[in-house]
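# A look at the structure
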Amino acid sequence: MKWPRPSGWQCIVYSSFVLVLVCIVQSIDEIRFESLFKLDRVPLFLPKTFHHSTNESIARNTPPKTIQIPLNCTSLGNRTRNCPANYYPKNFISQYSQLGGQDDDHQEYQEGGRSTCPDYFRWIYEDLRPWKETGITAEMVERAWPASHFRLVIVDGRAYVDRHKMAPQTSDVFTLWGILQLLRRYPGKLPDLDLMFSVADKPVIKSEDYQATTPPPLFRAETNIKPWEELLEEIKEEDKRKRWMDKEAYAFWRGNPRTSASRMELMRCNVSHKQDWGVHLYKQDWNKEKAEGYKQSNQARQCTHRYKIYVEGIGWSVSEKYILACNSVALLVKSRYYDFFSRGLMPMHHYWPINDQGDKCRSIKFAVEWGNSHEQEAQDIGKAGSNFIREDLKMDHVYDYMFHVLSEYAKLLRYKPTIPERALEICSETLSCSRVGVHKTFLMESMVKGPTNVSPCNMPPPYDALAFQALLERKVNAISQVELWEKKYWENQTQNN
């Protein structure tokens, strides 16, 4: 059976307030290898109390206490240039055998509590499918060099970066920071890697250029996002203040409309004295926001409407998860690009689909009218979308997605990564000790406290061809049903008028 090809391939993996992308995106005219890493804790290696607490835990056959290692910017020398020789343990589990414990027994504890990863992890296999047969060669990676800003190599658990283009603002710093948090969470578990990163807003590798050849894998990054767990808690608390029934019975969107034609078209739907499409739209002036301290861009305080609109900009937009987390009905305009979790969403279960090719105003108007006349069903959709974000996008799952997408990528490498001649080693001290102000605050808030005692979740198996086809058809059928309802609704409106 011929394997069905999805309309778009892409991935991403978060970071607390920064995104470091790690996924692949293939749409009709663009291929993006994206990755977004989520951070939210503090750094690593063995404190003086480690030996005692671990021996005691092994003797009692109980899980060891959580290890927390503070950042050391003073007593470890000049960390703006050099990293400690023992910065990353070769293997966290091996510490137990050195202390008289049994690695096998400890491994059983580590693996015993493992759960199966959320179903959207299965898209990792699909995103890597372009390289399944050929593998990824050094030549393929080198071909991504002109489009990249820097190269990141991980060898024996240590990270090295070769910068060759100026990155806008601090996007490269936070991208690299996210990788370091993953190394700390799972020391000794991440394989050797060779990654090219672009931090440009617009995707640069087009699938139309690679009809006869294999595309180069290129990672992308995004920055300046508030720590995810903290923001999610704020959204939950704000959402408790007002029931769905008490929210404004309109759709809401706030953003920069100039980043895409789809957003510019959306602005025509705003409420006016001539027409009410059931939409409240607000332009976001980021220069003004920056000057006023981002008072109008707090995502936690934008859950005031029954319906929230998602529409992508230049590429994918980080706002999708915030919109879904609100317990409002997410009205998702059909996208060309996907966040790493997006393809795990089911139309009419997690969200209401809006067709990007038709009249957005009429589609949104119908969605709002339908929801206001089917209040329980609308609330169920909002709740399902919110639960998906709050459960399947917990930080443990985000870290595990990062781990698995990089591990599967590494399996495809047909060469052993080596440290580039011009590369410099990076660690938490080199990236953070000399920072000041808000950047320092962001880094400290998002640092991983130390190694986790739990192994990554178990990857679900890949889709077989029949199951994958059935999944795609189920989504298409749900969207077609909405389009049919919408068509009949407007036909009736025309007849009645």
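Let us look at the structure shown here. Each chain has its residues counted from 1, running along the sequence as written. A pLDDT threshold of at least 70 governs which residues receive local features in this predicted model, and a stricter bar of 80 or more applies before side-chain atom pairs are shown or counted, although totals over entire chains, interfaces and linings include all residues. The basis for the side-chain values is all heavy atoms of the structure; hydrogens and waters are excluded.

## Describing the packing of aromatic side chains
Each aromatic ring pair is specified by the distance between its two centres and by the angle formed by the two planes. Any pair of Phe, Tyr and Trp rings, taking the six-membered ring for Trp, is counted once the centres come within 6.5 Å. Such a pair is stacked with planes under 30 degrees apart, edge-to-face with planes over 60 apart, and tilted for the rest. According to the stated counting rule, one finds 25 aromatic pairs in the structure shown. Seen from their ring centres, F340 and Y401 are 4.7 Å apart, and the 50° between their planes marks the pair as tilted. Here the residue F340 occupies a position in the loop between β11 (329-333) and β12 (352-354), and Y401 occupies one in helix α13 (residues 395-412), the gap between them amounting to 61 residues. In this pair, the class of F340 matches that of Y401, namely buried. When the ring of F366 is compared with that of Y489, the centres are 5.1 Å apart and the planes differ by 45°; the resulting orientation is tilted. Of the two residues, F366 sits in helix α11 (residues 360-373) while Y489 sits in helix α16 (residues 465-496), which places them 123 residues apart along the sequence. Working definition: with a 1.4 Å probe on protein chains only, accessible area under 20% of the residue-type maximum means buried, over 50% means exposed, and in between means partly exposed. For F366, a relative accessible area of 5% puts it in the buried group. Put simply, the rings of W277, W352, F366, W370, W485, Y489 and W490 pair up and form one aromatic cluster. Looking at R122, its charged tip hangs above the ring of Y463, at a distance of 4.0 Å from the centre. Strands here are runs of E lasting at least two residues and helices are runs of H or I lasting at least four, both read from the DSSP assignment and numbered beginning at the N terminus. The criterion for a charge sitting over a ring is simple: Lys NZ or Arg CZ within 6 Å of the ring centre, and within 35 degrees of the ring normal.

## Focus on the pattern of salt bridges
Definition used for salt bridges: Asp or Glu carboxyl oxygen within 4 Å of a side-chain nitrogen of Lys or Arg. Counted under the stated rule, the structure contains 23 salt bridges. Linking D162 and R422 is a salt bridge whose minimum nitrogen-to-oxygen distance equals 3.1 Å. Taken as a pair, D162 in strand β5 (residues 158-163) and R422 in the loop between α13 and β13 (424-426) lie far apart in primary sequence, 260 residues in all. The class of D162 is buried, set by a relative accessible area of 7%. Put simply, K360 and D356 hold a salt bridge, and the shortest N to O gap is 2.8 Å. Linked by salt bridges that have partners in common, E142, R151 and D194 make up one network.

## Examining the environment of W123
Mapped onto the elements of the fold, W123 is located in helix α4 (residues 123-127). Here W123 falls in the buried class, since its relative accessible area comes to 3%. Note: C-alpha distance between W123 and F341 (218 residues apart in sequence) is 8.8 Å. Counting of polar contacts relies on pairs of N or O atoms within 3.5 Å, with two restrictions inside protein: one atom must be capable of donating a hydrogen and the other of accepting it, and residues adjacent in sequence are counted only when both atoms are side-chain atoms. Within polar-contact distance, the side chain of W123 engages the backbone oxygen of R343 at 3.5 Å.

## Quick word on α16
Here the expected span of a helix is defined as 1.5 Å times the quantity of residues minus one. Helix length check: α16, at 32 residues, gives a terminal C-alpha distance of 47 Å against a target of 46 Å (1.5 Å per residue), a fit within 8%. Along α16, the positions that sit buried rather than exposed are A465, F468, L471, L472, K475, A478, V482, E486, Y489 and W490. Where the residues of α16 are buried, they touch α4, β12 and α11. At the N-terminal end of α16, a side-chain oxygen is found 3.1 Å from the backbone nitrogen of L466, two or three residues along, and the residue is D464. Contacts are residue-level and defined by heavy atoms, with any inter-residue pair within 4.5 Å sufficient.

## Some words on the pairing of strand β4 (residues 150-155)
With 6 of 6 residues buried, β4 lies mostly within the body of the structure. Here β4 shows no split at all, with F150, L152 and I154 on one side and R151, V153 and V155 on the other all buried. Any two strands are treated as partners once DSSP identifies two or more bridges connecting them. Here 5 bridges tie β4 to strand β6 (residues 193-198), and the two strands are oriented antiparallel to one another. When the bridges of β6 are listed, I154 appears paired with L193. For β4 and β5, the ladder comprises 6 bridges, and the chain directions are antiparallel. Looking across to β5, one finds that R151 is bridged to D162.

## Description of the pairing of strand β9 (residues 279-283)
Inspection of the sheet shows strand β8 (residues 248-255) paired to β9 by 5 bridges, in the parallel sense. Residue W253 lies in a different strand from β9, and its bridge partner there is L281. Taken together, β8, helix α8 (residues 261-266) and β9 form a β-α-β motif whose crossover is right-handed. Clockwise travel from the first strand over the helix to the second, with the strands pointing away from the viewer, marks a crossover as right-handed.

## Details of the side chain of S407
Take S407: it is sitting in helix α13. Judged by its relative accessible area of 12%, S407 falls in the buried class. There is a polar contact of 2.7 Å between the side chain of S407 and the backbone oxygen of F403.

## What to know about the state of the cysteines
Two cysteine sulfurs form a disulfide in these notes if their separation is within 2.5 Å. Inspection of every chain in the model, using the stated rule, returns 4 disulfides. Between C269 and C361 runs a disulfide, and the two sulfur atoms are separated by 2.1 Å. Judged by the sign of its S-S torsion, about -85°, the bond between C269 and C361 is left-handed. Of the two residues, C269 is situated in the loop between α8 and β9 and C361 in helix α11; the sequence distance between them amounts to 92 residues. As far as the burial class goes, C269 and C361 line up, both buried. At a sulfur-sulfur separation of 1.8 Å, the disulfide partner of C303 is C326. Taking the sign of the S-S torsion, about -60° here, the bridge from C303 to C326 comes out left-handed. Taken together, the residues span a long stretch of sequence, with C303 in the loop between α9 (286-291) and β10 (305-310) and C326 in the loop between α10 (319-324) and β11 at a distance of 23 residues. Judged by relative accessible area, which is 7%, C303 ranks as buried.

## Thoughts on the environment of G178
Residue placement: G178 occurs in helix α6 (residues 171-185). For the pair G178 and M447, spaced 269 residues apart in sequence, the C-alpha separation works out to 8.7 Å.

## Quick notes on the nonpolar core
Ranked by size, the top nonpolar core spans 79 residues in total, and within it L152, F341, I389 and Y409 carry the most contacts. Considering each element in turn, this core owes the most residues, 11 residues, to α13. Of all hydrophobic cores here, the second largest spans 28 residues; its members include M267, I309, C361 and I364. As used here, the term nonpolar core means buried Ala, Val, Leu, Ile, Met, Phe, Trp, Tyr and Cys residues forming a set that is joined through side-chain atoms within 4.5 Å.

## A closer look at the packing of α11 against helix α12 (residues 375-392)
The N-to-C vectors of α11 and α12 enclose an angle of 110°; their axes lie 5 Å apart at closest approach. Compared by their axis directions, α11 and α12 come out roughly perpendicular. Of the residues in α12, those in contact with W370, G371, N372 and S373 of α11 are E375, E377, A378 and I381. Classifying every residue of the contact of α11 with α12 gives 3 nonpolar, 3 polar and 2 charged. Every axis in this analysis is a line fitted to C-alpha atoms, fitted for helices over the stretch in contact. Angles between the N-to-C directions lie between 0 and 180 degrees. Angles are sorted into four bins: roughly parallel if under 35 degrees, roughly antiparallel if over 145, roughly perpendicular if 65 to 115, and oblique for all others. We call Asp, Glu, Lys and Arg charged. Ala, Val, Leu, Ile, Met, Phe, Trp, Tyr, Cys and Pro are nonpolar, and the rest, Gly among them, are polar.

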